[in-house]
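Residue strings, one per chain:
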Amino acid sequence: MVIADGGAEARTEGETAPLALAALRPAAWDAVPRLAWEGRFRRWGGYVLLGFASLTAAVAAGAGAGSLMTRGELYAAGALVVAALGLQIWWSTAFRKLPAGAPAGRVYYVLRFAIAAALCLLNGLFSIYAVIGYFDAVQLLPHRHVRTALLGTAVVMASAQSGGLPPDGTVGWVAFGVLLTVNASLVLLFSHLAEKEARSAAAKAATIAELERTNARLAQALEENAGLHAQLLLQAREAGIADERRRLAAEIHDTLAQGLTGIITQLEAAGESTDPAVGRAHARRAAELARHSLGEARRSVHNLGPGALEHDALPAALRTTVEEWSATAGVRAECTVTGTAEPLHHEVEATLLRIAQEGLANARRHAGASRVGVTLSYMDSEVTLDIRDDGRGFDPAAVPPRRHTGGFGLGGMRARAERIAGTVDIESEPGRGTAVSARVPLVRHD
């Protein structure tokens, strides 16, 4: 325990308990007023108790009451009071300058105890001054000597209360023994309660310190989380930008690139035809493809679904797409729908239709197929889209990486399916055709 007066401190080695009387104080007392009160008592308490004891003894002696003292005893008591006063003056000015646990504090306690005990032998009323030994033993003495000092003070108090030492007769000894037992019991009880309170206070202080450290770590974690949150927001924004770029690139590939390919094919066919009617038919189809591609490009920019889904559900839109592709590519193609068709979420329908368009475009550009089959299957929890051709096939493990001049192809189909938690599987062998199977969750339209 630290006793402070102003900026002063005093602490003893091995200190583990507060003042013996601290157990009597309410635990709810604020710490700062308590320390200030103890500091003031250490500085002025000795003067007050010494003065009150001297005044009481003088009044009692003048009135002929209490313990009668001879003239020599009066002189001795006066000399001891002066010595106690001088000792108190020295200590009240010196203790604020002494370091914690200084030997001067032990010397002061022992000298004061000896003076108080001598005064009590001369007159029991000086026990008023001797009681101060209960108050600061913890602060001035090593912990191992505290109880001895408290018991010594109890002996002095009991002797003063019983009429002095040695007691007068058997009754005096009995009274001394009873009073000593009472004083010692109270001292030991108060000392035990004070040490218990000190241990409890130390445990609470340790808990508070741990809570402060935990709060500091929590505050640091919150700061780190705030930084991570900001970083995640930045990454999410960058991922959103990259995803939108991929979407636009795929939409342009599925609309403009394929439309331009069809236009080029029709225009080349018109240029090679010697029949004016056939040439005009190819030219009209090229114009239709150009208008259709322009519309699809506008829809892609506005993040709308494919035009084929604007008025038709997925089965009808898929059949129309297959028929138009067959007419443009000059390849026999069939579309089959199995299971019970249900209205799907627009993102699911758009994804499946775009995968079908990409698969058909790949079949026309790379497969050299004479027949293509498209199957849309509705199942309990998923929808599958299968695109099969009898073309030249390839080794899926040896597909070259996408070039800047090429299409999105298989990677684009997989990316589309993965955006809605789906998958795309490829089965192909050189000379034995290709099968593309897309599986996506069946998410119904709300």
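Along each chain, numbering runs from 1 in the same order as the chain's sequence is written. Local features in this predicted model are restricted to residues whose pLDDT is 70 or higher, and side-chain atom pairs enter the listing and the counts only when it is 80 or higher, whereas totals over whole chains, interfaces and linings include all residues. To obtain the side-chain values, all non-hydrogen atoms of the structure were included, while hydrogens and water were left out.

A closer look at the overall build of the chain
Scanning the chain from N- to C-terminus turns up 11 helices and 5 strands. For every residue, the accessible area obtained with a 1.4 Å probe (protein chains only) is divided by the maximum for its type, and the residue is called buried under 20%, exposed over 50%, and partly exposed between those limits. Burial status across the chain gives 38% buried among its 446 residues. Considering only intrachain contacts with a sequence separation of at least 6, the fraction spanning at least 24 residues in the chain is 69%. To measure how exposed things are, a 1.4 Å probe is used in the Shrake-Rupley method; for residues, cover is taken only from the protein chains shown. Counting every atom, the chain has about 24,700 Å² of accessible surface; 61% of that belongs to carbon and sulfur. Secondary structure elements are defined from DSSP: runs of H or I of at least 4 residues count as helices, runs of E of at least 2 residues count as strands, and each element is numbered from the N terminus. Two residues qualify as a contact provided that any one of their heavy atoms is within 4.5 Å of a heavy atom in the partner residue.

Notes on the sheet that holds strand β1 (residues 332–338)
Strand order in the open sheet formed by 5 strands is β1-β2-β3-β5-β4, with mixed pairing between adjacent strands. Bordering the open sheet on either side are β1 and β4 (423–428), each of which pairs with just one other strand. The sheet shows a mean angle of 10° between the axes of neighbouring strands, direction not considered. The pairing of β1 with strand β2 (residues 371–378) spans 7 bridges and is parallel. Across the sheet, residue T338 finds its bridge partner in β2, namely S377. Paired strands, as defined in this entry, are two strands with at least two bridges between them according to DSSP. In this description, a line fitted to the C-alpha atoms serves as the axis of each element, helices being fitted only across the stretch in contact, and the angle between N-to-C directions of two axes falls anywhere from 0 to 180 degrees.

Side note on the side chain of E382
Among the structural elements, E382 can be located in strand β3 (residues 382–389). Any pair of nitrogen or oxygen atoms within 3.5 Å is treated as a polar contact; in protein, a donor-acceptor pairing is required on top of that, and neighbouring residues in sequence qualify only through side-chain atoms on both sides. Looking at E382, its side chain comes within polar contact range of the side chain of R439, at 2.3 Å. Excluding anything up to four places from it in sequence, E382 contacts S377, R439, V440, P441 and L442.

With respect to the pairing of β3
Regular strands show a simple pattern: their side chains alternate between the two faces of the sheet. Among the 8 residues that make up β3, 6 are buried, leaving the element largely enclosed by the rest of the structure. Inspection of the sheet shows β2 paired to β3 by 7 bridges, in the antiparallel sense. If you follow G373 over to β3, its bridge partner there is R388. The pairing of β3 with strand β5 (residues 434–441) spans 8 bridges and is classified as antiparallel. Residue pairing in the sheet places L385 in a bridge with A438 of β5.

Let's talk about helix α9 (residues 314–329)
The first and last C-alpha atoms of α9 sit 22 Å apart over 16 residues, in line with the 22 Å expected at 1.5 Å per residue. Listed as buried for α9 are L314, P315, A317, L318, T321, V322, W325, S326 and T328. Considered in projection along α9, the buried side chains sweep an arc of 170° and stay on one side of the axis. G330 occupies a position one or two residues after α9 and carries a positive phi of about 70°. Given a helix with a known number of residues, its expected span is that number minus one, times 1.5 Å. Within this analysis, the arc is defined by the directions that extend from the helix axis to the C-beta atoms.

Overview of helix α2 (residues 71–94)
Given 3.6 residues per helical turn, the α-helix brings residues three or four places apart onto the same face. The end-to-end C-alpha separation of α2 is 34 Å, in line with the 34 Å expected for 24 residues at 1.5 Å each. For α2, every residue scored as buried is listed here: A77, V81, A84, L87, Q88, W91, S92 and A94.

Comments concerning the packing of α2 against helix α3 (residues 103–122)
Two elements in contact, α2 and α3, have axes separated by 10 Å at closest approach and are oriented at 160°. Here α2 lies roughly antiparallel to α3, going by the angle between them. Between α2 and α3 the crossing geometry is left-handed. Touching E73, A76, A77, L80, V81, A83, A84, L87, Q88, W90 and W91 of α2 are A104, G105, Y108, L111, R112, I115, A118, L119 and L122, all from α3. Gly is placed with the polar residues, together with every amino acid not listed as nonpolar (Ala, Val, Leu, Ile, Met, Phe, Trp, Tyr, Cys and Pro) or charged (Asp, Glu, Lys and Arg). Tallied by class, the residues present in the contact of α2 with α3 amount to 16 nonpolar, 2 polar and 2 charged. Should an angle lie under 35 degrees it is considered roughly parallel, over 145 roughly antiparallel, and from 65 to 115 roughly perpendicular; all remaining angles are considered oblique. By definition, any crossing whose near helix is turned counterclockwise from its far helix by less than a right angle is left-handed, and any crossing with a clockwise turn is right-handed.

A word on the packing of aromatic side chains
Aromatic pairs are defined between Phe, Tyr and Trp rings, using the six-membered ring for Trp, whenever the two ring centres lie within 6.5 Å; interplanar angles under 30 degrees are classed as stacked, those over 60 as edge-to-face, and all others as tilted. Applying the stated criterion across every chain, the model contains 3 aromatic pairs. Relative to Y108, the ring of W91 has its centre 4.6 Å away and its plane inclined at 10°; by these criteria the two rings are stacked. Of this pair, W91 sits in helix α2 while Y108 sits in helix α3, placing them 17 residues apart in sequence. Y108 carries the same exposure label as W91, and that label is buried.

As for the packing of α9 against helix α10 (residues 346–367)
Helices that pack against each other are described as a pair by the angle of their axes relative to one another and the distance between those axes. Relative to each other, α9 and α10 sit at 15°, their axes nearing to 11 Å. Relative to α10, α9 is oriented roughly parallel. In this structure, α9 crosses over α10, and the sense of that crossing is right-handed. Facing L314, A317, L318, T321, V322, W325, T328 and A329 of α9, the residues of α10 in contact are E349, L352, L353, A356, Q357, L360, A361, A363 and R364. Of the residues in the contact of α9 with α10, the class split is 12 nonpolar, 3 polar and 2 charged.

Quick look at unusual backbone geometry
Phi at A421 is positive, roughly 65°, even though this residue is not glycine. A421 gets classed as exposed once you look at its relative accessible area, which sits at 62%.

Description of the pattern of salt bridges
The rule for a salt bridge is simple: a side-chain nitrogen of Lys or Arg has to be within 4 Å of a carboxyl oxygen of Asp or Glu. Taken as a whole and judged by the stated rule, the model has 8 salt bridges. Several salt bridges share partner residues, and in doing so they unite E210, R213 and R217 into one network.

Notes on the side chain of S127
Looking at where S127 falls in the secondary structure, it is placed in helix α4 (residues 127–130). A residue is classified by how much of its surface remains accessible, and S127, at 13% relative accessible area, is buried. Sequence-distant contacts of S127, defined by excluding residues within four places in its chain, comprise C120, M157 and A160.

Description of the confidence of the model for the chain
A residue's pLDDT is the confidence the predictor assigns to it, expressed on a 0 to 100 scale. Averaged over every residue, the pLDDT of the chain is 76; residues scoring 70 or more account for 76%. A low-confidence stretch, residues 403–407 stays under pLDDT 50, and its non-local contacts, those more than four residues away or across chains, total 2 contacts.

Concerning the environment of V372
When you line up the elements, V372 lands in strand β2. In this structure, the C-alpha to C-alpha distance between V372 and R388, residues 16 residues apart in sequence, is 5.7 Å. Beyond its immediate chain neighbours, meaning those up to four positions away, V372 contacts W325, V331, R332, A333, E334, L360, A363, I387, R388 and D389.

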